Amino acid sequence: MRTRKKKKTEVYALGRHISLSVDKARRVIDQIRGRSYEETLMILELMPYRSCYPIFKLVYSAGANASYNMGSNKTDLVISKAEVNEGTATKRLKPRARGRSYAIKRTTCHITIVVKDIYLSAEYEQMDPGIYNDVYTIRGGVWVKK
């Protein structure tokens with residue numbers, strides 16, 4: 001019996017050791033999770049936070065990975081998963097009065113952006129519902145999370 005090879009529908013971009021606080025990055029990531037690729041780029045350009053620029057670069061990189069590796073159109077991409085994890089903290093010593101020193105921690109974070117081609121996932125749903133279990137479903141022309 002021959003099984004069908006599953007075509008890849010998700011691509012990711014990973015940013016490691018980005019010098020941002022985890023909470024400040026999560027504030028922006030929560031706004032873009034589940035949105036389309038083009039809408040995400042517009043939101044990130046207009047938000048006034050410093051953490052938007054590294055996240056913008058990661059989303060752009062994930063879109064480029066999807067178009068190069070899967071040959072998908074950027075208008076069909078959706079941010080299916082976006083997560084921020086804590087990275088290593090670099091420790092510095094700041095000299096203070098009377099020969100003392102205070103420790104300063106510079107926190108870093110790891111950001112993962114996963115984009116999904118909704119056009120390819122819709123093809124898999126039409127072929128056989130048992131083959132591909134989807135996170136999103138289409139109802140009335142709008143993608144809704146299950």
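Values in this document were obtained by computation on a predicted structure and should not be read as measured data.

Turning to the sheet that holds strand 2 (residues 77-86), a few remarks are in order. Read from one edge to the other, the open sheet built from three strands follows the order 1-5-2, with strand pairing classed as antiparallel. The open sheet is flanked by strand 1 (10-18) and strand 2, the only strands paired with a single partner. Neighbour-to-neighbour, the strand axes of the sheet open up by a mean angle of 15 degrees, direction not taken into account. Bridge analysis of strand 1 against strand 5 (residues 109-117) gives seven bridges, and the strand direction is antiparallel.

Moving on to the confidence of the model for the chain. Looking at the chain, the pLDDT average stands at 84 and 78% of residues meet or exceed 70. The low-confidence segment residues 128-134, where pLDDT is below 50, has twelve contacts with residues more than four positions distant or belonging to other chains.

With that settled, consider helix 2 (residues 37-46). All of the buried residues in helix 2 are Tyr-37, Thr-40, Leu-41 and Leu-44. Buried residues in helix 2, looked at end-on, bunch into an arc of 100 degrees, giving them a common side. Every exposed residue of helix 2 that faces more than 90 degrees away from the buried side is listed here: Met-42 and Leu-46. Looking at the buried side of helix 2, the elements it contacts are helix 1 (22-32), helix 3 (52-69) and strand 2. In this structure Ser-36 caps helix 2, since a side-chain oxygen of it lies 3.4 Å from the backbone nitrogen of Glu-39.

Parameters at a glance
Residues numbered from 1 in each chain as written. Predicted model: local features only at pLDDT ≥ 70, side-chain atom pairs only at ≥ 80, totals over all residues. Heavy atoms only, no water. Pairing = 2+ DSSP bridges. Helix = DSSP H or I, 4+ residues; strand = E, 2+ residues; numbered from the N terminus. Axes fitted to C-alpha atoms, helices over the stretch in contact; angles between N-to-C directions. pLDDT = per-residue confidence, 0-100. Contact = heavy atoms within 4.5 Å. Buried < 20%, exposed > 50% of the residue type's maximum accessible area, 1.4 Å probe, protein only. Arc of directions from axis to C-beta. Polar contact = N/O pair within 3.5 Å; in protein donor to acceptor, adjacent residues only side chain to side chain.

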